[in-house]
Amino acid sequence: MSDSGDLQVTHVALLPSAGMGHLTPFLRLAALLTAHNVHVTFITPSPTVSLAESLSLSHLFTTFPQITQKHLHLLPLDQPSANSEDPFYYHFELIRRSSHLLPPLLSSLCPPLSAIITDMSLTSTVNPLTDSLGLPNYIFFTSSAKMLTFYVSFHTMLGPNHEIEDHTKVSGLEQIPKAWIPPPLLRGGNNLLKTFFLENGKKMTESSGILVNTYESIERETLAALNEGKVLRKLPSVIAIGPLAPCIFEESQQLAWLDDQPTGSVLYVSFGSRTAMSRDQIRELGDGLVRSGCRFLWVVKDKKVDVEDDKKLIEVLGQGLLERVKKNGFAVKNWLNQQEILSHPAIGGFLSHCGWNSLTEALWNGVRILAWPQHGDQKINADLVERIGLGTWDKSWGWGEGEMLVKAQDIAERVREIMGNKLLRLQTDHIREEARMAVGDGGSSTKRLYALIKIWKRVQ
Ligand code: UDP
Ligand code: UDP
């Protein structure tokens, strides 16, 4: 299976950015490349924002001692208050400000690198540096190919005041409705997300290639439009290498409650690693789950960053709700290994914010999704969930982040619908098979990865 047999070592550096949504696919890619005899140097911007990131990194290095770890030591802040906008986006900015430390680090690596793979949020920072080193820089886009079309087109939509003048400018494909565009990008003035989209999206054309954690059977038309220059001329190859398989090193936990539930009966409820709902919405959601009468496993998240999440479950839910939850559900307030949960036979559905990693894990395990996008790329991803038959999305629920309060009764109805939907069950079995085929022997993503490794070998 692997491209071994060649005595020369191909050496590639990986540079992720902040947050589990960005780190997780890099960890999975590092494991995959290692399995194909590519020597990986994993550069970790330090310190990380969340505890989840630092724990995942330590699991990676313990499991794969052959991966070289290098730190990019982030310089201290001169304006800590700017952190308040979003600690994760602010970290992208911190990495940018420390990026002058990167060229000496990259040049010192031995054997010399064939390429570096950089997170999408660092494109404009890293491209000029790797250009000056003559080092190929591949960008890893950690969301869908559809989101990539928007990302690379964003700069063409802005007028002189940096406001979106024409959102219909994603060419070559069906238009993305304005309501699906991340709200900070529609606001006047500047914010970190807008600057990142503008600067990085523009610079994607100057990279050596764009890797995406997706695969052909779910995004064929979009991948074709990108690669045929219909979205943006002069875009480098867009290479679908997903869905990246979960790794054995991801921490394992036992959950006795789940083991005792009947097959396919439990709805898993989680909104990813960095989405905290308002207290009112949390309680309405809990009430809705109880009223649905369905079994559920609910990860309650009260703060964006895990290290600040210090309230007890009872404080967040209140005694009354917590007691009612216990009738047909199980609530936790700590990190669960989501991939492992989704692979458990008792799980039959997933109420998800549609973060791209959550979505790829759901299709990997053939678990149907009830989509409730909260921010960022999640509405664009939720649309894909519907299109490919992985689940349903009630668009009247709007964005999270306090746009509206979705009522318990509505939540209960949608939950009952998704858990009772037999047709979806058949479709998701098929999706699971196709996902695994894409990265299996002779699969479309496997072929692309081999071709890429061959190119790197020639660069040596
Ligand atoms: N995750 C997890 N346990 C949790 C919350 C999240 O294992 O309690 C993992 C999840 O499986 C996924 C990643 O963290 O791999 C979150 O990425 P995603 O793109 O789904 O959403 P984000 O957290 O970036 O919004
Ligand atoms: N994002 C991006 N480029 C950036 C910063 C963010 O494409 O430079 C995207 C990100 O992948 C997602 C949205 O902006 O589509 C929200 O970013 P975030 O880091 O919150 O990712 P998420 O947590 O939603 O996975």
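We now turn to the structure provided with this report. Everything numeric here is computed off the predicted structure, so don't read it as measured data.

## Regarding the site of ligand 1
Taken together, 14 residues surround ligand 1, and among them S273, L336, N357, S358 and E361 come closest. In this structure, an oxygen atom belonging to ligand 1 sits 2.5 Å away from a side-chain N or O atom of S273. For ligand 1, a nitrogen atom lies 2.5 Å from a polar atom in the backbone of L336. Protein contacts shield 93% of the accessible area of ligand 1, which totals 530 Å² for the unbound molecule. Breaking the shell around ligand 1 down by element, the ones donating at least two residues are α1 (20-35) and α15 (356-365). Top contributing element to the shell around ligand 1 by residue count: α15, with four residues. Grouping the amino acids of the shell around ligand 1 by side-chain chemistry returns three nonpolar, nine polar and two charged.

## A look at unusual backbone geometry
Of the consecutive residues S46 and P47, the connecting peptide bond is found in the cis state with omega at 0°. The omega torsion across C110 and P111 is -5°, close enough to zero to call that bond cis. Mapped onto the secondary structure, P111 falls in the loop between α4 (102-107) and β4 (115-119). Although it is not a glycine, N37 adopts a positive phi angle of roughly 60°. Mapped onto the elements of the fold, N37 is located in the loop between α1 and β2 (38-46). Positive phi outside glycine occurs at K234, with the angle close to 70°. In this fold, K234 is placed in the loop between α9 (216-227) and β7 (238-240).

## Quick notes on the site of ligand 2
Close to ligand 2 lie 15 residues; H22, M120, Y151, R274 and D377 are nearest. A distance of 3.1 Å separates an oxygen atom of ligand 2 from a polar atom in the side chain of H22. The contact in question runs from an oxygen atom of ligand 2 to an N or O atom on the side chain of N200, over 3.4 Å. In isolation ligand 2 offers 490 Å² of accessible surface; the protein chains occlude 95% of this area. At the level of elements, α3 (87-97), α6 (145-157) and α8 (192-203) are the ones that each hand at least two residues to the shell around ligand 2. Here the shell around ligand 2 gets four residues from one element, more than from any other, and that element is α8. Looking at side-chain class alone, the shell around ligand 2 contains eight nonpolar, five polar and two charged residues.

## Topic: the pattern of salt bridges
For the structure on display, the rule yields 18 salt bridges. Here E93 makes a salt bridge to R96, at a shortest N to O gap of 2.8 Å. With E93 and R96 both in helix α3 and three residues apart, the pair spans about one turn of that helix. For E93, a relative accessible area of 12% translates into the label buried. Judged by its relative accessible area of 40%, R96 falls in the partly exposed class. Here D394 ties to R414 by a salt bridge, and the two come within 2.8 Å at their closest N and O atoms. With D394 in the loop between β13 (391-393) and α17 (408-420) and R414 in helix α17, this pair connects stretches of sequence that are 20 residues apart. Salt bridges sharing partners connect three or more residues here, namely D86, R274 and K304.

## A few points about the packing of α15 against helix α18 (residues 422-438)
Where α15 meets α18, the axes come as close as 6 Å, and the angle between the chain directions of the two elements is 105°. It follows from the interaxial angle that α15 and α18 lie roughly perpendicular. Touching L363, W364 and N365 of α15 are I431, R432, A435 and R436, all from α18. Here the contact of α15 with α18 is composed, by residue class, of four nonpolar, one polar and two charged.

Cut-offs applied
- Residues numbered from 1 in each chain as written.
- Chains lettered and ligands numbered in written order.
- Predicted model: local features only at pLDDT ≥ 70, side-chain atom pairs only at ≥ 80, totals over all residues.
- Heavy atoms only, no water.
- Near = heavy atom within 4 Å.
- Polar contact = N/O pair within 3.5 Å; in protein donor to acceptor, adjacent residues only side chain to side chain.
- Areas by Shrake-Rupley, 256 points an atom, 1.4 Å probe, with all protein chains shown as cover.
- Helix = DSSP H or I, 4+ residues; strand = E, 2+ residues; numbered from the N terminus.
- Nonpolar A, V, L, I, M, F, W, Y, C, P; charged D, E, K, R; others polar.
- Salt bridge = Lys/Arg side-chain N within 4 Å of Asp/Glu carboxyl O.
- Buried < 20%, exposed > 50% of the residue type's maximum accessible area, 1.4 Å probe, protein only.
- Axes fitted to C-alpha atoms, helices over the stretch in contact; angles between N-to-C directions.
- Parallel < 35°, antiparallel > 145°, perpendicular 65-115°, else oblique.
- Contact = heavy atoms within 4.5 Å.

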